[in-house]
Amino acid sequence: MADAVNAVIGWLRRRGAARAFEALQIEVTSRCNIKCVMCPVTVLAERWPRRDMRWETFERIAAAFEHADWVYLQGWGEPLLHRRLFEMIARAKGAGCRVGFTTNGTRLTQRTGERLLDLGLDLFAVSIAGATAATHEAIRVGSDFARLTENLRRFLLLRAQRKSATPKVEVFFLMTRTNLAELPQAVELAAGLHADELVATNLDYVITPGLDQLRGYSSGPPAQAFSKAMEDARAVAARVGLAFRPYPLESREMAVCDLNPLKILFVSADGRVSPCVYTSLAGQSEIPRFFDGRSLSVPAVHFGNVGEIPLMEIWDRPEYRAFRGQFVDRLVGAKAMAFGAVRGKGAAEEETPAPEPCRTCPKLYGL
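Since we're looking at a predicted model, the values are computed, not measured.

This paragraph deals with the state of the cysteines. Two cysteines form a disulfide when their sulfur atoms are joined by a covalent bond. Scanning the model with the defined rule gives zero disulfides in all. Its sulfur unpaired, Cys358 is 6.4 Å from the next cysteine sulfur, which belongs to Cys276. Taking the relative accessible area as the measure of exposure, Cys358 reaches 12% and is therefore buried.

Right, let's get into the environment of Met254. Here Met254 is to be found in the loop between β9 (243-246) and β10 (264-267). Judged by relative accessible area, Met254 falls into the buried class, the value being 15%. For the pair Met254 and Leu331, spaced 77 residues apart in sequence, the C-alpha separation works out to 9.1 Å.

Right, let's get into the packing of aromatic side chains. One pair of aromatic rings is described through two measures. These are the centre distance and the angle between the planes. By the definition in use, this model includes twelve aromatic pairs. When the ring of Phe58 is compared with that of Phe65, the centres are 5.7 Å apart and the planes differ by 75 degrees; the resulting orientation is edge-to-face. Considered together, Phe58 and Phe65 belong to a single accessibility category, that of buried residues. Aromatic pair Trp76 and Tyr278: ring centres 5.9 Å apart, planes at 85 degrees, arrangement edge-to-face. Placement of the pair is Trp76 in the loop between β3 (68-72) and α4 (85-94) and Tyr278 in the loop between β11 (273-274) and β12 (286-291), with a sequence separation of 202 residues. Taken individually, Trp76 and Tyr278 each receive the classification buried, so the pair is uniform in this respect.

By the element assignment, Glu27 lies in the loop between β1 (21-26) and β2 (35-36). Comment: no salt bridge for buried Glu27; closest opposite-charge side chain is Arg51, at 6.6 Å. Separated by 3.0 Å, the side chain of Glu27 and the backbone nitrogen of Trp76 make a polar contact. Residues within four places of Glu27 in sequence aside, it is in contact with Met53, Gln74, Gly75, Trp76, Gly77, Phe266, Val267, Ser268 and Ala269.

A separate point is the nonpolar core. Core analysis: the biggest nonpolar cluster contains 111 residues, and Phe65, Leu73, Phe124, Leu183 and Leu198 have the highest contact counts within it. The contacts of Leu183, once residues within four sequence positions are left out, are Phe173, Met175, Leu198, Ala200, Ala229, Met230, Ala233 and Phe244. With six residues, the next largest nonpolar core counts Ala23, Trp70, Tyr72 and Ala125 among its residues.

Here the chain shows a mean pLDDT of 93. Residues at 70 or above account for 92%. Long-range and interchain partners of residues 1-17, a stretch whose pLDDT sits below 50, account for 27 contacts in this model, where long-range means more than four residues apart. Low pLDDT (under 50) marks residues 345-349, which in the prediction has three contacts with non-local residues, meaning those over four places away or in another chain.

The next subject is the packing of α4 against helix α5 (residues 110-119). Geometry of a packed helix pair, given as the angle between the helix axes and the separation of the axes. Packing of α4 against α5 leaves a shortest axis separation of 10 Å and a crossing angle of 10 degrees. Taken as axis vectors, α4 and α5 run roughly parallel relative to one another. Of the two possible hands of crossing, α4 and α5 adopt the one that is right-handed. When α4 is examined against α5, the residues Phe86, Ile89, Ala90 and Lys93 are found in contact with a partner set consisting of Thr112, Arg115, Leu116 and Leu119. Its residues placed into classes, the contact of α4 with α5 shows five nonpolar, one polar and two charged.

Take unusual backbone geometry next. Excluding glycine, most residues fall at negative phi; most peptide bonds, likewise, are trans. The step from Thr166 to Pro167 runs through a cis peptide bond, and the omega angle for that step is 0 degrees. You can see Pro167 is positioned in the loop between α7 (145-161) and β7 (168-175). The phi angle at Lys163 is positive, at roughly 55 degrees, despite the residue not being glycine. Summarising the element assignment, Lys163 is placed in the loop between α7 and β7. Overall, Lys163 belongs to the exposed group, its relative accessible area being 76%. A positive phi angle, close to 75 degrees, is found at His194, a residue other than glycine. Relative to the helices and strands, His194 is located in the loop between α8 (183-193) and β8 (197-202).

The next thing to look at is the sheet that holds β9. The sheet built from nine strands is open, its strands ordered β9-β8-β7-β5-β4-β3-β1-β10-β11 with mixed pairing. Strands at the two margins of the open sheet, each flanked by one partner only, are β9 and β11.

Let's shift gears to α5. For α5, the set of buried residues is Thr112, Gly113, Leu116 and Leu117. Take α5 and look down its axis: the buried residues cluster within an arc of 135 degrees, on one side only. Where α5 is buried, its residues contact α4, β4 (98-103), β5 (123-128) and α7. Two residues or fewer past α5, Gly120 is found with a positive phi of approximately 75 degrees.

Definitions and limits used
Residues numbered from 1 in each chain as written. Predicted model: local features only at pLDDT ≥ 70, side-chain atom pairs only at ≥ 80, totals over all residues. Heavy atoms only, no water. Disulfide = S-S within 2.5 Å. Buried < 20%, exposed > 50% of the residue type's maximum accessible area, 1.4 Å probe, protein only. Helix = DSSP H or I, 4+ residues; strand = E, 2+ residues; numbered from the N terminus. Phe/Tyr/Trp six-rings, centres within 6.5 Å; stacked < 30°, edge-to-face > 60°. Lys, Arg positive; Asp, Glu negative; His and termini not counted. Salt bridge = Lys/Arg side-chain N within 4 Å of Asp/Glu carboxyl O. Polar contact = N/O pair within 3.5 Å; in protein donor to acceptor, adjacent residues only side chain to side chain. Contact = heavy atoms within 4.5 Å. Core = buried A, V, L, I, M, F, W, Y, C linked by side-chain atoms within 4.5 Å. pLDDT = per-residue confidence, 0-100. Axes fitted to C-alpha atoms, helices over the stretch in contact; angles between N-to-C directions. Parallel < 35°, antiparallel > 145°, perpendicular 65-115°, else oblique. Left-handed = near helix turned anticlockwise from the far one by under 90°. Nonpolar A, V, L, I, M, F, W, Y, C, P; charged D, E, K, R; others polar. Pairing = 2+ DSSP bridges. Arc of directions from axis to C-beta.

Structure follows, in C-alpha cells:
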C-alpha cells in the first residue's frame, strides 16, 4: 500500500493546477459513428440516447471556465460529430483554459486539422486498438485503420509544416488480451507517424462477463506474455525516442484515482454533473458493471443539472462536498500510513472506504 500512497501523493503534487479545477470534462455528444465492442454506446445501444449538448447548456458550463485549468471535450461519444465543437474550443481558449479531446480519428480531414491548429488546441488524442488493421477493426468496428493512420499522418505533417508545438498529439492504445502482443509494434507506428506520446490504456469499464475476458489486467502479476510485450514496448520507445506511458496491468488500490474527483468533474451531454465519466452514462439511472467475477448494477451519481443550477453551486452542494470528503479522508489516511511506515510505527487505522459507486470501478485500483 505504501507504494500506492506515494504514487498518489506524488501525482497530486505534480498535477496541481493554478485554478480551482484541474479540469472540466464535458461530454459534447453521446453519439458515435463507429461501434467499439466494449463501449456502452454499442453494448447499451437499445436504450442509449443519442444527443448533442445544446449551446445554451455549454454556455452555462462556460461561466465556470475561469476556475478551470483544462477543458476536456470528451465523454462517451465522438466529439467531432458536434457541429459547434470548434466554437466550444474557441470559447474555452478565450477563457484562458487549455483544451483537448480524444477522437476515433474517422473525421480528421485536412480542413478539420487546419481549424484545430488555427484554434490553438492544446491536446489531441487518437484511439487505436491494435497495430494492424485486422486487430484494430475487430475491436473498433466500423473504423478503417488505414484511413485512420493516414488522417493522423496528414495532421502531424500539417503541424510540422506550421512549425507548431501544439497540440500535443497522443496515441491511445487500448490494451486487451487480443492485442497486447502488438504493443511494441504500436509504439513503432506512433513514432513513425511522429506522434508525441503513446499511452497504453486499460479496458477500465467492463459491462458484461464476455467483455471481462477481453481485459488484459488482473489482480495479480500479469501473464508472462503480457509482461514481455510491455518490456519490449519500453525498449522500442527508448530506441525510437517516443514518450511511452503505460497503465499498470496489475491492480493496486489508490487513495484517489487518476480522475481525481477532488479537482475534476464531468458534465454529461444533457447537463448533469457527476464526479467522472464512469459514474454517469447517457440516459441511465443504473450503471451495469462486471467486477471481480460479479455482474452489478451501480446507481448513477448526479449532483445537479447545469440547466437548472449554476455549476459552481452544484460543486458546493453539501452532498457533493460529502462525496469528495471521503476521498479527502482517504488521502489524509494514506499520508498518515506513509508517515507511520517511515517512523516505524504500526499500521494506521483501517482506511476510509471510497464512495460506494467507486468501489467496483477499476480506476480506483490504478487501472
